[in-house]
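# A closer look at the structure
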Amino acid sequence: RPTAVAQASAIVDARDRDPMAAGQVSAAMVGPSAPSSRRSIRPSDVLQQPAQSGEPVVMRRLWNLYADAVLPLEQRSHFEHFHAPAVTMEEFEARPQVLLLGQYSTGKTSMIKWLTSSDSPYFDVRPQPSTDKFMAVVHGDEERLIYGNAAACLPQLPYQGLATFGTNFLSSFHALAMPAPILKEITFIDTPGVLSGSKQRIGRDYDFAAVASWMAARADLVLLTFDAHKLDISDEFQQVMEVLRPHANKVRCVLNKADQIDASNLVRVYGALLWNVGKVLRTPEVARVYISSFWDEEYRFQDHVKLFDEDKEAVLKELHALPRSALLRKINNFVGRVRKVKAHLCVAAHIRAQVPWLPHVRVLGRESRFRKSLNEQLPALFAECQRVRNLSPGDMPDIEEFRRCLASFEDLSRLPQWDPREAERLDRVIEVDVPGLISAVGGVSAVETGLRQANPPPPERQSFFSRMVGGKRKREDDDGLTT
């Protein structure tokens, strides 16, 4: 039975957060404790901090670096067809985004109401499935609902890329502008509840998992919400969770409505949640789980009041840290993208070098046979390109995804030819340009070892006679070595 394992996992998790509170949490998980005397945790308790000076300048220089050095190579190598579309300026300068995903009636909308401290009529909270649209909750001077097609055109919002999903999806997407203070720093994205069985496909004429993947790639934090009474994962929700695997470092789990369960059953529920999530995400580390009831109502069972309040406060602290570390995350994502662009450029140019006679093959009507042969040799071409161009295995594209995109690429002769100056430019971005930017906002102090001299001594000046004598001696030494 997973009870002991779940109890141990909870204690270890509490010890990671606060070693002094590990014993208190372990006692709370096995038996009731006295109700906490602290008042309910509210989002307004976490104060906002302004951005550090110099960050706007670094952000602008980072965007110019992408637009001038990286974007032209993405376009030349058709990076958008094989991997991801180009980053827009609106996406680059957007506020940190928090994406909430979960099955129906798990408290996603209620959690946003609690975080924004607002009771908008556009927040439809009911026991049955109520939220049937994607809704971006953004900051505005007054409360206003913006429909999807208009929201995808606003330059103040980073959702221009949603137009690729068509009008069918945009009719199910809204943006809600509200004057909540927390929205000045963070944007929340509420999503429809994932249903089970054929209900997921009836009435939805867009790919829910594809939209979730698009939003997760641009989100800074993904909250998977679970109802403590419904831990079963439907097939559709499992599909959504699988598209989150590349973004597992952003995923956090929220066990909501935990106050509705008594002390003995909460341990079993916690263990079952860890088991189900680990089985789907398949990550080496267990995702962080926040256990509480994220609203302002009184707890039903008072056994774990201290634990619930601590996890509420932990969620607020993690949200509070997002704006302060937004620039460093953008730099991290930028460097990762540059590495992928370089690897893709090398692979595409290497494949292009194998087909210099492609126009003649097309004239002879043997292009389909040639594509079949290229498809069979693709693993060998990948290995050869990785060895010749000295690429890291972690930067190489997924071969099956690349194979699928290559099959739909119409003209192979449009692939870029190899130019070493382009790869050198990308290397310079990573090795020279980005370190110059991150040193201004990284917050890491230099090691004072004396190896780096702030003002190196000028070179020793020699007279004309000394230079003549030194040059003559050098020529005599070189003649002696030659003989």
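Reference entry: report on the structure contained in this document. No experiment lies behind these values; they were computed from the predicted model shown. (Residues numbered from 1 in each chain as written. Predicted model: local features only at pLDDT ≥ 70, side-chain atom pairs only at ≥ 80, totals over all residues. Heavy atoms only, no water.)

### Observations concerning the pattern of salt bridges
The full count for this structure, using the stated rule, is 17 salt bridges. Residue Arg 144 pairs with Glu 142 through a salt bridge whose shortest N-O separation is 2.3 Å. On the basis of relative accessibility, which here comes to 48%, the residue Arg 144 falls in the partly exposed class. When its relative accessible area of 45% is taken as the criterion, Glu 142 is described as partly exposed. When the shortest N-O distance is used, the salt bridge between Arg 252 and Glu 318 registers 2.8 Å. With Arg 252 in strand β7 (residues 251-256) and Glu 318 in helix α12 (residues 305-324), this residue pair connects regions lying 66 residues apart in the sequence. Both residues of the pair, Arg 252 and Glu 318, count as buried. When salt bridges with common partners are traced through the structure, they connect Asp 227, Lys 230 and Lys 257 into a single cluster. (Salt bridge = Lys/Arg side-chain N within 4 Å of Asp/Glu carboxyl O. Buried < 20%, exposed > 50% of the residue type's maximum accessible area, 1.4 Å probe, protein only. Helix = DSSP H or I, 4+ residues; strand = E, 2+ residues; numbered from the N terminus.)

### Description of unusual backbone geometry
The phi torsion of most residues other than glycine is negative, and most of the peptide bonds are trans. In the Ramachandran plot, Lys 257 falls in the positive-phi region, its phi being about 60° despite a non-glycine side chain. Note on placement: Lys 257 falls in the loop between β7 and α11 (263-281). Classification of Lys 257 as buried rests on a relative accessible area of 16%. Even without being glycine, Asn 390 reaches a positive phi, approximately 55°. Within the secondary structure, Asn 390 sits in the loop between α15 (367-388) and α16 (399-407). On the accessibility criterion, Asn 390 (68% relative accessible area) is exposed.

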